[in-house]
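What follows is each chain in one-letter form.
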Amino acid sequence: MARPQPIELPWSADQTLAMSHQGMGAPWGMVELRAAVPLTEPAERGYRIVRHLDAVERKNARRWSRGDVAQVVVEIEADADMTWVVVEDPLPPGAVVLGNGLGGDSSILSSAHVRGDRRPVFTERDFDSYRAYYRYVPKGRTTLRYNVRYNTAGTFQLPPTRVEAMYAPEMHAELPIEVMAIQ
C-alpha cells in the first residue's frame, strides 16, 4: 500500500480542522502546525534543556570579548529512555569549537571538549552550530560540555538550542538563547 502524501493547508485562528475515517482498520493521523515566529519561551516535549556558559579564559569578567574561551554546558532532562538523540547548539559567527586536534588548538583549553556524563558517538562542528549525536539517552539527566573560542565581535541573535529524538521527532525541546554580545 502506498504511503499517503502530506497535505499542506493554510491556517488561521478562526478555522477548524476535522478528520474522519470510513472503512476498516484503526487509522491515525498526525497534525503539525508550523509558524515562522521567534521562540520566546522553552518548548518542552519529552525533554527539558538548561544551558549556560562558564568562562575558561576571559579578558573581562563582566563581558565576552574576542579571543575569550567559554565552556558551553547543556544539561538535558529526559522523560523516557530514547535511542538516537541529537543535541544542536548554535554558535555565534566566527566562533570555533576547540578540541579538533589541529595545530592551533591549545591542549589545555580544549581538554574539556565533549565531556560530560555520557559521550556522544559522533559530533559535527559546523560554522553555525555544534551537534552531538547519542546512540542512547536514558531517562534522567545527561550533560554535554564543550569549549568554544569567540573570534568575532558583534551582537548576535542566535537560534534556539534543540534536542530531538531522531526517530521520534515529537520528542524534542527547544531553548531560546539570549542575545549574545562579544566586544
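Describing the packing of aromatic side chains
Now for step 1: Applying the stated rule across the entire model yields three aromatic pairs.
Now for step 2: Taken together, a centroid distance of 5.4 Å and an interplanar angle of 75 degrees make the contact between Trp 64 and Tyr 150 edge-to-face. Taken together, the residues span a long stretch of sequence, with Trp 64 in the loop between strand E2 (47-57) and strand E3 (69-78) and Tyr 150 in the loop between strand E9 (140-149) and strand E10 (154-156) at a distance of 86 residues.
Now for step 3: Note on Trp 64: relative accessible area 10%, which makes it buried.
Now for step 4: Given the relative accessible area of 2%, Tyr 150 is considered buried.
Now for step 5: Stacked on the ring of Trp 64, the Lys or Arg Arg 58 has its end atom at 3.8 Å from the ring centre.

Description of the pairing of strand E7 (residues 122-125)
Along any regular strand, the residues point their side chains to alternate faces of the sheet.
Now for step 1: Bridging between E7 and strand E8 (residues 129-137) involves four bridges; their strand directions are antiparallel. Residue pairing for E8: Arg 125 is matched across the bridge by Tyr 130.
Now for step 2: If you look at the hairpin formed by E7 and E8, you'll find three residues sitting between the two strands.

Parameters and conventions
- Residues numbered from 1 in each chain as written.
- Predicted model: local features only at pLDDT ≥ 70, side-chain atom pairs only at ≥ 80, totals over all residues.
- Heavy atoms only, no water.
- Phe/Tyr/Trp six-rings, centres within 6.5 Å; stacked < 30°, edge-to-face > 60°.
- Helix = DSSP H or I, 4+ residues; strand = E, 2+ residues; numbered from the N terminus.
- Buried < 20%, exposed > 50% of the residue type's maximum accessible area, 1.4 Å probe, protein only.
- Lys NZ or Arg CZ within 6 Å of the ring centre and 35° of its normal.
- Pairing = 2+ DSSP bridges.

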